[in-house]
Structures are given as C-alpha cells and as structure tokens.
Amino acid sequence: MKLDPVFTVKNNKLYKIADNSPVDTDSLKRVEIPWTTVEMEEESYNEEFLALLRDQLKHMEVTGQFAILVPVVDKELNTPEQEELFINAFNHTARRVKDCVSVAGFELPAELKNPQAFIDTLAIKHAQYVYFSKQTNLASDTIVKY
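Residues numbered from 1 in each chain as written. Predicted model: local features only at pLDDT ≥ 70, side-chain atom pairs only at ≥ 80, totals over all residues. Heavy atoms only, no water.

Colleague: I tried to follow the overall build of the protein chain on my own but got confused; where do I start?
Modeller: Counting its regular elements, the protein chain contains four helices and nine strands. In the protein chain, the succession of α and β elements from N to C terminus is β-β-β-α-β-β-α-β-α-β-α-β-β. What you see for the protein chain is a C-alpha radius of gyration of 15 Å, in line with the 15 Å of a compact globule of 146 residues. Of all 146 residues assigned to the protein chain, the portion counted as buried reaches 45%. For the protein chain, restricting intrachain contacts to residue pairs at least 6 apart in sequence, the fraction spanning at least 24 positions comes to 69%. Looking at the protein chain as shown, the accessible area adds up to about 7,800 Å², and 49% of this sits on carbon and sulfur atoms. A distance of 7 Å separates the average location of the 16 positive side-chain charges in the protein chain from that of its 23 negative side-chain charges. (Helix = DSSP H or I, 4+ residues; strand = E, 2+ residues; numbered from the N terminus. Rg over C-alpha atoms; globule rule 2.2 N^0.38 Å. Buried < 20%, exposed > 50% of the residue type's maximum accessible area, 1.4 Å probe, protein only. Contact = heavy atoms within 4.5 Å. Areas by Shrake-Rupley, 256 points an atom, 1.4 Å probe, with all protein chains shown as cover. Lys, Arg positive; Asp, Glu negative; His and termini not counted. Charge placed at Lys NZ, Arg CZ, Asp CG, Glu CD.)

Here it is as structure tokens:
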C-alpha cells in the first residue's frame, strides 16, 4: 500500500499539499524511537513494540494529528556496517507503519554519516515521507531544516 504524500517541502519549509498552506513544524508530535527498542539483536526486530507504535499512529490519524518519527541512536554507529543495520531497522519500522497517514516523515539523526542513504532506502517504498534535520549542510529538497 503506497500512500500519497500529505506534505511537501519548499525552501526548507513544510507545506500541506492539499491547500499549499504552510505548516508549523512545532505542531507535529515528535515520536522518539530508540534503535535498541526496534532492533533488540542484529536484524531481529521488536514486532510487539512496532505494533504498539502503529496503534499510536493510527489513533493520531483519527484525531487529525501528525508525527515526526525520531530515530534515536542509542548504541554504536561508527562503521558502515552499523549504519546499514540502523537504516535497515528504521526501514523495517517504516514498513510496519506504512499505512499510517499520520506519519509526516522521519528526523535524520546527526550521527548518520550518510543521511542520503537513509532517505534513499526508505524512499523505495515510502516516497510520501518528508525528512527533518537540524543540520544545515544537507542539500535536498525533501528536508525541512528546523
């Protein structure tokens, strides 16, 4: 199931596609998701947690709220292999919440050495997401800097 995008980015600002109205990113709920909670062991995912996350996001849909999913790096992320595991864990997370219209997108952790790999991996099946970053050195029209 592919969802149509709800938001777009222009000049590092977020807009609702339906009416081209600007969106205050402070109105979006930040949902922090620790990596160790998603991936308990290498490539072994916590499906119970992900089901609860989906339920929470579906409830937000009913109330008209939107969320930014915030991957939390809570274990070593120093090698390309670790970065691949991290990206795969959050790609799996995206698969589990793929039908949740309430997900505006993901925050890009500052610890990622290659944030574009994160975006490219998720975009294969989840093109509707917008990416949020506190970094200003990222050059992409899909990223809101805040």
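Colleague: I would appreciate a short explanation of helix α4 (residues 115-123) in the present structure.
Modeller: Note that an α-helix has 3.6 residues per turn; residues three or four places apart therefore point the same way. For α4, the full list of buried residues reads Pro115, Phe118, Ile119 and Leu122. Projected onto a plane normal to the axis of α4, the buried residues spread over an arc of 95 degrees and lie on a single side. (Arc of directions from axis to C-beta.)

Colleague: Quick question: what am I supposed to make of the side chain of Ser102 here?
Modeller: In this fold, Ser102 is placed in the loop between α3 (80-96) and β7 (103-107). Within the local environment of Ser102, its side chain forms a polar contact with the backbone oxygen of Leu57, the two atoms lying 2.7 Å apart. Aside from chain neighbours lying at most four places away, what touches Ser102 is Leu57, Met60, Glu61, Gln65, Phe66 and Ala67. (Polar contact = N/O pair within 3.5 Å; in protein donor to acceptor, adjacent residues only side chain to side chain.)

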